[in-house]
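# Inside the fold
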Amino acid sequence: MVDKKNKLTELEVRIKAARSKFDFQPKKPMYSGNVGLHLVGDLVGGLAVGAILGYNLDGLMNTKPLFMFILVVLGICGGFYNFYKYEMNPRSRKLDE
Amino acid sequence: MSNPLEQFKIINLLPLKVDGIDLSFTNASLSLSLSALCAIVYMLLATRGQSVIPGRLQSSIEVMYMQIESTLQGVVGNNHAKYMPFIFSVFIFVLMCNLLGMLPYSFSATSHIAVTFAMAAIVFVTINIIGFWNHGVRYFSVLLPGGIPIAMVPLMFLIELCAYLSRPFSLSLRLAANMVAGHIMIKILAMFIIMSGAASLFLSAAPFVLLTIIIGFEIFIALLQAYIFTILACVYLSDAVNLH
C-alpha cells in the first residue's frame, strides 16, 4: 500500500516536472528590440513623401526650390510625428512592453 | 567574386507587351504566385482535419491565427472580427513571401520596394475606404488632432497630412530594407567561406558557423517583419475604425 502511494507521488512529481518543461511562459513581445529601425523607416518615409510632393509641386508651378524645401521639412516632422504617435498610443505601446 | 546584389535581379521569364505596357511574367511574379499558392495549400492542409486536439500542422496555424487576432483586438478594439480576414491574409502572404525567399536559389519578392509598396498601397487604400465607409466626410478629422490651439491648426494639418501620406512609404521601406540587408549579409558571409577556404579549410569554419546562425536569425526576421507589417496595418486600421 505504502509502496503504491510512493509510486503515485513519484509519478506526480514526474508529471509536474514534465509539465513545467512545456508550460507556456508569456514572453516579451518580439518587437521591443526594433524601435530604432522603426524610427528609420518612419523618417525616411516622411522624407520621401515630402521630396516627391515638393518636386512635383515645383514642377507644376515653376517655383523650383520653394515647395521642395518646405515639404521636405514638413515630411521629416511628419515622420517624427508618426513615430511619436505610435509610441504614445496606449494600445500599440502595450505591444512594445 | 560574384556581386551580392545579383540575387535581386529581375529576370524576364515570359515577355509580354500589351498596348505598350510591359506585362511580362518575371521571376518576381513567379515568386509571388508561388507564395500565394503556398499560403493556400498550407491553409487547406492545416485546416483539413480540424480535430479537437490539434496536430503539429493544425497547431501551427492556430498559434499564428490567435496571435494575430489578439494583436488586432488589442489595437482595434472589440469590433475587430470583420477585419480579421483582411489582416490575416496580409500576414500570411507577407510571411510566405519572406520565407520563400530564404530557400536557396529562390527569389525574395519582398526585397523589392515595388512589391512591398504595392502591398502597402493596397493596405493604405483599403484602410481609407474603411475609414470613409465608417465615418463619411468626418474621416477627414483624422488629419486634425484634438486639443490644439487654433493658431497651430494650419501647421498641424500640414504635418499630419505629410505623416498620413508617408505611412505606405515607411511601411514598404521597412520591410524591403530589412529583407535586402539580411540577404546581402548572407551572401557576403557565404563569400567569406569560399575566400577563407581557399587559404585553409580550417579557417573557413568560423564564417560557416556564423552563416548557419545568421540563416536561423534571418528566418526569425522573416517572421518578425511579417508580424511588424501586420501590427502597423492594425495601428493604421484603428484610426479608421475608432476616430478620435
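### Digging into the overall build of chain A
Per the secondary structure count, chain A includes four helices and zero strands. Secondary structure elements of chain A, listed N to C terminal, follow the sequence α-α-α-α. The buried share among the 97 residues of chain A stands at 25%. Put simply, of all contacts in chain A between residues at least 6 apart along the chain, 60% involve residues at least 24 apart.

### Examining the overall build of chain B
Along its length, chain B carries seven helices and four strands. When the helices and strands of chain B are listed from N to C terminus, the series reads β-β-β-β-α-α-α-α-α-α-α. Residues classed as buried in chain B amount to 30% of the 244 residues present. Across chain B, the fraction of contacts at a sequence separation of at least 24, relative to all contacts at a separation of at least 6, is 62%.

### With respect to helix α1 (residues 27-46) of chain B
Residues and elements named next belong to chain B. Over its 20 residues, α1 runs 28 Å from end to end, which matches the ideal 28 Å to within 8%, given 1.5 Å per residue. Among all positions of α1, only Ala28, Ser31, Leu32, Ser35 and Ala46 are buried. For α1, the angular spread of the buried residues around the axis is 100°, confining them to a single face. Structural note: α1 exposes Ser33, Leu37, Ile40, Val41, Leu44 and Leu45 on the side pointing more than 90 degrees away from its buried face.

### Section: the environment of Gln73 of chain B
Position of Gln73 of chain B relative to the elements: it lies in helix α2 (residues 56-76). Taking the C-alpha atoms as reference points, Gln73 of chain B and Met84 of chain B, separated by 11 residues in sequence, lie 9.3 Å from one another.

### Comments concerning the confidence of the model for chain A
All names here are of chain A. Put simply, chain A has an average pLDDT of 78, and 72% of its residues get 70 or more. Summarising per-element confidence for chain A, the mean pLDDT is lowest in helix α4 (residues 90-96) (57) and highest in helix α3 (residues 64-88) (88). For residues 25-33, every residue scores under 50 in pLDDT, and the model assigns this stretch nine contacts once sequence neighbours within four places are set aside.

### Remarks on unusual backbone geometry
All names here are of chain B. A positive phi angle is found at Asp19, which is not glycine, with a value near 55°. The backbone of Gln50 shows a phi angle near 50°, a positive value even though the residue is not glycine. Within the secondary structure, Gln50 sits in the loop between α1 and α2.

### A closer look at the environment of Ile159 of chain B
Here Ile159 of chain B is to be found in helix α5 (residues 153-165). Residue class for Ile159 of chain B comes out buried when judged on the 24 C-beta atoms lying within 10 Å of it. Spatially, the C-alpha atom of Ile159 of chain B lies 9.7 Å from that of Leu144 of chain B, the residues being 15 residues apart in sequence. Not counting chain neighbours up to four residues away, the residues in contact with Ile159 of chain B comprise Leu74, Cys77, Gly78 and Tyr81 of chain A.

### Focus: helix α3 (residues 84-101) of chain B
Residue and element names in this part refer to chain B. An ideal rise of 1.5 Å per residue puts 26 Å on 18 residues; α3 measures up with 26 Å between its terminal C-alpha atoms. Along α3, the residues that are buried comprise Ile87, Val90, Phe91, Ile92, Val94, Leu95, Met96, Cys97, Asn98, Leu100 and Gly101. Here the buried face of α3 lies against α1, α2, α4 (113-135), α6 (167-199) and α7 (205-241).

### Thoughts on the confidence of the model for chain B
All names here are of chain B. Looking at chain B as a whole, its pLDDT mean stands at 90, while 100% of the residues score no less than 70. Least confident of the elements in chain B is strand β3 (residues 21-22), whose mean pLDDT is 87; most confident is α3, at 95. Our summary of model confidence lists the complex with pTM equal to 0.82 and ipTM equal to 0.71.

### Some thoughts on the environment of Phe93 of chain B
Residues and elements named next belong to chain B. Here Phe93 shows up in helix α3. Judged by the 19 C-beta atoms lying within 10 Å of it, Phe93 is partly exposed. Through-space distance from the C-alpha of Phe93 to that of Glu69 is 16 Å; in sequence the pair is 24 residues apart. In this structure, Phe93 is in contact with Ser35, Ala36 and Ala39, ignoring residues within four places of it in sequence.

### Observations regarding the nonpolar core
All names here are of chain B. One finds Phe229, Ala233 and Cys234 to be the most contacted residues of the largest nonpolar core, which totals 58 residues. Examining the composition of this core, we find that 13 residues originate from one element, α7, more than from any other. Setting aside chain neighbours within four positions, we find Phe229 in contact with Val90, Val94, Leu171 and Leu175.

### Examining the packing of α2 of chain B against α7 of chain B
Residue and element names in this part refer to chain B. At a minimum axis separation of 9 Å, α2 and α7 run at an interaxial angle of 35°. The chirality of how α2 crosses α7 is right-handed. Facing α2, whose interface residues are Ile68, Thr71, Leu72, Val75 and Val76, α7 presents Thr230, Ile231, Cys234, Val235, Leu237, Ser238 and Val241.

### Here we look at the packing of α3 of chain B against α7 of chain B
Residues and elements named next belong to chain B. Between α3 and α7, whose axes approach to 8 Å, the crossing angle comes to 155°. Classified by the interaxial angle, the pair formed by α3 and α7 is roughly antiparallel. In terms of crossing hand, the pair formed by α3 and α7 is right-handed. When α3 is examined against α7, the residues Ile87, Val90, Phe91, Val94, Leu95, Asn98 and Leu99 are found in contact with a partner set consisting of Ala222, Leu223, Gln225, Ala226, Phe229, Thr230, Ala233 and Cys234.

Conventions used here
Residues numbered from 1 in each chain as written. Chains lettered and ligands numbered in written order. Predicted model: local features only at pLDDT ≥ 70, side-chain atom pairs only at ≥ 80, totals over all residues. Helix = DSSP H or I, 4+ residues; strand = E, 2+ residues; numbered from the N terminus. Buried ≥ 20, exposed ≤ 12 C-beta atoms within 10 Å, placed from the backbone. Contact = placed C-beta atoms within 7 Å. Expected span 1.5 Å × (residues − 1). Arc of directions from axis to C-beta. pLDDT = per-residue confidence, 0-100. Core = buried A, V, L, I, M, F, W, Y, C linked by C-beta atoms within 7 Å. Axes fitted to C-alpha atoms, helices over the stretch in contact; angles between N-to-C directions. Left-handed = near helix turned anticlockwise from the far one by under 90°. Parallel < 35°, antiparallel > 145°, perpendicular 65-115°, else oblique.

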